[in-house]
Amino acid sequence: TALKPGKHIIQFEFSISGKDSGSMAISANGTLMAQSKIIKRPLLQAGLGESFDIGRDSNIPVSDDYKDEGVFTGHIEKVIVYPKWPKYLTTASK
């Protein structure tokens, strides 16, 4: 679903359901837009050679619909990342 021009809050939330699996939910302005199960997480968070792209999708695109790295030509005011670490990682470090 395309968003209308203007200010939006986009949220990606990964919930762990097992050691290597979980689900991803994507919301826009508090409304769930997409959700899917992830059967196996990658070994590395960004994968081999992949990066954390904002405003474009370089390296390996998530869809064939992306042309020219899917460059976003609008304005991105701010990006905030709040990682939620799994309990088994946070308790082991205490």
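The paragraphs below set out a description of the structure included in this document.

Scoring rules and cut-offs
- Residues numbered from 1 in each chain as written.
- Predicted model: local features only at pLDDT ≥ 70, side-chain atom pairs only at ≥ 80, totals over all residues.
- Heavy atoms only, no water.
- Pairing = 2+ DSSP bridges.
- Helix = DSSP H or I, 4+ residues; strand = E, 2+ residues; numbered from the N terminus.
- Axes fitted to C-alpha atoms, helices over the stretch in contact; angles between N-to-C directions.
- Buried < 20%, exposed > 50% of the residue type's maximum accessible area, 1.4 Å probe, protein only.

1. So, the sheet that holds strand β1 (residues 10-16)
Okay, so step 1: As summarised here, the arrangement of the three strands in space is β1-β2-β3, forming an open sheet in which the pairing is antiparallel. The open sheet has two free edges, formed respectively by β1 and β3 (31-38), since each of these has just one partner strand. Along the sheet, successive strands turn relative to each other by an average axial angle of 15 degrees, direction set aside.

2. So, the pairing of strand β2 (residues 22-28)
Okay, so step 1: Counting buried residues in β2 gives five out of seven residues, a clear majority hidden from the surface.
Okay, so step 2: The pairing of β2 with β3 spans seven bridges and is classified as antiparallel. Following the sheet pairing, Ile 26 is matched in β3 by Ala 34.
Okay, so step 3: In textbook terms, the turn of a hairpin is the stretch between consecutive antiparallel strands, and for β2 and β3 this stretch comprises two residues, one of which, Asn 29, has a positive phi near 55 degrees.

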